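A structural walkthrough
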Amino acid sequence: AHAHRMVGNGRSNSNENRKGDHFAEVDDDYSVEEPVDNKQSSSRSSSYTFRQHNKARDLDVEVYNSILVAFSREQGGDHAASVMKLLDRMERIADELDMPSVRPNQRSYNVALDVIAKSAMIANTSLSGYYYKDKKQSLDNKRPGQHFNPLFAGRAAESILSRMLARDFRPDAYTFASVLNTYQRIPNGKLDAALAADAVVRGMESLHLHGKIDQPPDVFHYTMVCACWSRSGEQGVAGERCSEILRHMQQRDLSGFPRVRPNIRTFNAVIDSHAYNGRVAEAEDMLLSMVDNYESSAARSMDGIEDEELPVRPDSFSFNTVIQQWARTRTPEGGRRAELILDRMLKFHHAGNADVRPDERSFSYIIYHYTKGAGRMAPDAPDRALKLLRKMVGMYRQGYTELMPSHYNRTNPIFAFTSVIDAHSVLRRNDSGVVGAELLESMTKLGEKLESLRPNTYACLSVLYGWSSCGSIDAGEQATELLQRMEADMKDAASRGEESIMRTTQRCYILAQTAWARSQSERKATGALEVLHMMENNYAEQNLEARPTVQAYSMVLNACAFADSVEVDGKIVKASPKQQMKAFQIAELIMSRLGKEPYPNVKSTSMTYGTFIKCCGRLDLPNNIAQESASRAFADCCQTGYVSDFVFTQLRYALPPEKFLNVLAKNGYKNLNSKGKSLSRDGKRIRPVRLDDLPDEWKRCVDRSAKRSNR
């Protein structure tokens, strides 16, 4: 601020000597225009001007450089336009006021380039306002900030480079690197940024050839150009151009140019350009060629033959880049190719390259391919993903700690665990519950040391999903035990005044009920009811995320409807009449509770009426009980206006034809005797009665757009 005041005072009073009665403003952004009344202060004006002019003589470029350095050290904000304006101001003062001491020097330009490079990642940069401030906007009536060009930052950096050359400065390697770094940071430049960066390096070669700069491009300049091409998104062109640059570097190295020999970063940039632009096979070939060359050199060294130049050794990034891109391909074989690269990486690591180690990405990319990517539909995809995860856990326990980060990050390993469980569950595999329990146990043990692997609600949901999908006889019991564990963790956390990371939600309880319904346990109806009671109690204890819903009550009815069969000695047999009657009594209890609306808007709907009628049709009950209960439920459904296709279909299956027609007539259906709406001649079949033929009053509360769901 002090430097700004010095600069403002010096410029204003110098212009006062030239303009007379008013301070002439050079830049509206940095000083304030004030009128001077010469009639009242003629004697004071000359002495004041003399003092201020002397202060202006004390200004030099380092005062301005201090402001530029302050901008460069600012952690947040976009100061690119401010830096460009300050450079313009310095040059105008030097020219118009004949003050060469404030003319920007090489340090000024280099610091400004650093600020511009930092701001290049900002999407809507302030440079748009800088470049459009003097242009008319009448054609499109847009504000200056709306004229966005992703290459503004690169344009500003190259303009600084042009100023340096025009002032006979000799830009050094750092200056050109800053310009290239600007293009490399531009988020949306793509092809234009790559072409511009390429032109900068070729221009650097030409300037050195003509003696205008002291240093030719080195390995870092070429590597940054390759990085720009890698991000260009130009399939085919990017990889080929990077390969050309690599060969050009090798030729210049043989010609004697210093510091231009490609290093591992150069090779990684070329591999990256192939892999990220649709040429993964070329990237793999280049990687394996590097591995073979290095291993051959190492073998010759063991025989006492030393190479004059050691080949570049691939690092973890080299392998991970190819692994990631094979895993991201939309072809099913991408996972197999990625696994082969991982195996090659581990072999290379064990061959004496201890620092070339796999990390979490090496495994998580392939696991994602088999669980969420293009390879998920393969029959053995869940098994391959599980095998990789087990290997990952085993290597971590052997000391490869980088495979499991200690804190949450972008590739959190907990997602690797849950995705493997989900891959088993979505295919309804009978081992999905067991796999979920195994991986939950692994997460629990690893979570004692790694915060990122402590089981949370998300992990428990995946395990519950596994138990709900497997259909094993103990699935309901296991799911209920997990719910009890989650509730116990919530109580322990509450006693410590903390928030549990295993907090139960509505979906947790509904998945446990589904596990009971799909199991062949004789306790399926009772177990589903117990889970509902747990849900109600947990909500009563102020867990608002566990509020019971209509679906929770419907899931108990669903478990009752499928309580007609159980598993005995590995075989599915019909449940005893006593067990089926108990399930029916639970279903009646649920319907009774729904009739009293236990929670706001939790009442009988098409789903609950239809599922209860389904119980009447599936369970082996005395005819009078089953038919009367189904008829009574349908009558209630007609009165509440929830007769849907699901309800109507279940009633047709639950009642014999004659009883079905009688129930329709009893509730007010009057078209039984018209053509096509009565019994067949033998009295055993019902001719079509469509839902659209029923009274609208019966269907007034049904969402006809909703899809029918039987379970």
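This is a predicted model, so every value here is computed, not measured.

This part is about the pairing of strand β2 (residues 571-574). Each regular strand displays side chains that alternate between the two surfaces of the sheet. Both strand β1 (residues 565-568) and β2 contribute to a ladder of four bridges, which runs antiparallel. Residue Ser565 lies in a different strand from β2, and its bridge partner there is Lys574. Two successive antiparallel strands, β1 and β2, enclose a turn made up of two residues, where Asp569 displays a positive phi of approximately 55°.

Right, let's get into the packing of helix α13 (residues 280-302) against helix α14 (residues 316-328). Contact geometry for α13 and α14: axes closest at 10 Å, N-to-C directions at 155°. In terms of their interaxial angle, α13 and α14 are classed as roughly antiparallel. Both α13 and α14 take part in a crossing whose hand is left-handed. On α14, the residues touching Val280, Ala281, Ala283, Glu284, Leu287 and Val291 of α13 are Ser318, Phe319, Val322, Gln325 and Trp326. Of the residues assigned to the contact of α13 with α14, the class counts are eight nonpolar, two polar and one charged.

This paragraph deals with the packing of aromatic side chains. Across all of its chains, the model carries 10 aromatic pairs by this definition. Plain terms: the ring middles of Phe319 and Phe348 are 5.9 Å apart, the flat faces sit at 40° to each other, and that makes the pair tilted. Separated by 29 residues along the polypeptide, Phe319 in helix α14 and Phe348 in helix α15 (residues 334-350) bring together distant segments of the chain. Take Phe348: its relative accessible area is 0%, and that puts it in the buried class. Both rings, one in Phe634 and one in Trp698, keep their centres 5.7 Å apart while their planes meet at 90°; by these two values the pair is edge-to-face. One end of the pair, Phe634, is in helix α27 (residues 623-640); the other, Trp698, is in the segment after α29 (657-666), and 64 residues separate them in sequence. For Trp698, a relative accessible area of 5% corresponds to the buried category.

Turning our attention to the layout of surface pockets. By rolling a water-sized probe across the atoms, one finds the places where empty space is left. In this structure, the second largest pocket spans a volume of roughly 400 Å³. If you go around the second largest pocket, you meet 15 residues; those closest to its centre are Gln250, Phe267, Leu310, Pro311 and Val312. Mapped onto the lining of the second largest pocket, the elements with two or more residues apiece are α11 (237-254) and α13. A total of four residues in the lining of the second largest pocket trace back to one element, the largest contributor, which is α13. Across the lining of the second largest pocket, the residue classes break down as eight nonpolar, four polar and three charged.

Time to look at unusual backbone geometry. Located in the positive-phi region is Asp98, a residue other than glycine, with phi close to 55°. Relative to the elements of secondary structure, Asp98 occurs in the loop between α4 (80-96) and α5 (106-119). For Gln542, which is not glycine, the phi dihedral falls at a positive 75°. Considering the arrangement of structural elements, one finds Gln542 in the loop between α23 (524-540) and α24 (550-561). Judged by relative accessible area, which is 60%, Gln542 ranks as exposed.

Once that is clear, we can look at the environment of Val312. In this fold, Val312 is placed in the loop between α13 and α14. The spacing of Val312 and Asn263 is 49 residues in sequence and 6.4 Å in space, taken between C-alpha atoms. Contacts of Val312, omitting those with residues within four sequence positions, involve Pro262, Asn263, Ile264, Phe267, Met290 and Tyr294.

The next thing to look at is the nonpolar core. By size, the foremost hydrophobic cluster in this structure holds 194 residues, and its most contacted members are Tyr183, Met404, Phe634 and Leu664. In this structure Leu664 touches Phe634, Phe648, Tyr669, Val689, Leu694 and Trp698, once residues within four positions along its chain are discounted.

Here the focus is the environment of Val426. Within the secondary structure, Val426 is located in helix α18 (residues 413-426). For Val426, a relative accessible area of 54% puts it in the exposed group. For the pair Val426 and Tyr465, spaced 39 residues apart in sequence, the C-alpha separation works out to 8.6 Å.

Across the interface, α27 lies against α29 with an axial gap of 10 Å and an inter-helix angle of 30°. Overall, the two elements α27 and α29 adopt an arrangement that is roughly parallel. In this structure, the crossing between α27 and α29 has a hand that is right-handed. Every residue of α29 that contacts α27 at Gln627, Ser631 and Phe634 is listed here: Lys659, Val663 and Leu664. The residue makeup of the contact of α27 with α29, split by class, is three nonpolar, two polar and one charged.

A few words on the pattern of salt bridges. Summed over all chains, the structure comprises 39 salt bridges. Two residues, Asp114 and Lys118, come together in a salt bridge whose shortest N-O distance is 3.5 Å. Of the two residues, Asp114 and Lys118 are both situated in helix α5; the distance of four residues between them amounts to about one turn of the helix. Residue class for Lys118 comes out partly exposed when judged on its relative accessible area of 41%.

This prediction gives the protein a mean pLDDT of 85; 85% of its residues lie at or above 70. This model gives residues 134-148 a pLDDT under 50, and the stretch forms 17 contacts once residues within four places in sequence are excluded. In this model residues 705-711 is a low-confidence stretch, pLDDT under 50, and it forms 14 contacts with partners more than four residues away in sequence or in other chains.

What follows covers helix α26 (residues 606-618). Within an α-helix, residues lying three or four positions from one another point in the same direction, as the helix has 3.6 residues per turn. Counted at 1.5 Å a residue, the expected span for α26 with its 13 residues is 18 Å, and the 18 Å between its end C-alpha atoms agrees. For α26, a buried count of 10 out of 13 residues is recorded, marking the element as mostly surrounded by other parts of the structure. For α26, the set of buried residues is Ser606, Thr608, Tyr609, Gly610, Thr611, Phe612, Ile613, Lys614, Cys615 and Cys616.

For the rest of this paragraph, the subject is helix α25 (residues 577-595). With 19 residues, α25 extends 27 Å between its outermost C-alpha atoms, agreeing within 8% with the 27 Å of an ideal straight helix rising 1.5 Å per residue. Every buried residue belonging to α25 is among Gln580, Ala583, Phe584, Ile586, Ala587, Ile590, Met591 and Leu594, and all of these are buried. Along the long axis of α25, the arc covered by the buried residues comes to 155°, so they all point the same way. Exposed residues lying more than 90 degrees from the buried face of α25 are Pro577, Lys578 and Gly595. In this structure, the buried residues of α25 make contact with α23, α24, β2, α26 and α27. Positive backbone phi, at 50°, marks Glu597, one or two positions downstream of α25.

Here is what the cut-offs are and how they apply
Residues numbered from 1 in each chain as written. Predicted model: local features only at pLDDT ≥ 70, side-chain atom pairs only at ≥ 80, totals over all residues. Heavy atoms only, no water. Pairing = 2+ DSSP bridges. Helix = DSSP H or I, 4+ residues; strand = E, 2+ residues; numbered from the N terminus. Axes fitted to C-alpha atoms, helices over the stretch in contact; angles between N-to-C directions. Parallel < 35°, antiparallel > 145°, perpendicular 65-115°, else oblique. Left-handed = near helix turned anticlockwise from the far one by under 90°. Contact = heavy atoms within 4.5 Å. Nonpolar A, V, L, I, M, F, W, Y, C, P; charged D, E, K, R; others polar. Phe/Tyr/Trp six-rings, centres within 6.5 Å; stacked < 30°, edge-to-face > 60°. Buried < 20%, exposed > 50% of the residue type's maximum accessible area, 1.4 Å probe, protein only. 1 Å grid on protein atoms, 1.4 Å probe; cavity = no way out; pocket = protein on both sides within 12 Å on 5 of 7 lines; lining within 4 Å. Points joined across faces, edges and corners; volume = space filled by probe spheres on them. Core = buried A, V, L, I, M, F, W, Y, C linked by side-chain atoms within 4.5 Å. Salt bridge = Lys/Arg side-chain N within 4 Å of Asp/Glu carboxyl O. pLDDT = per-residue confidence, 0-100. Expected span 1.5 Å × (residues − 1). Arc of directions from axis to C-beta.

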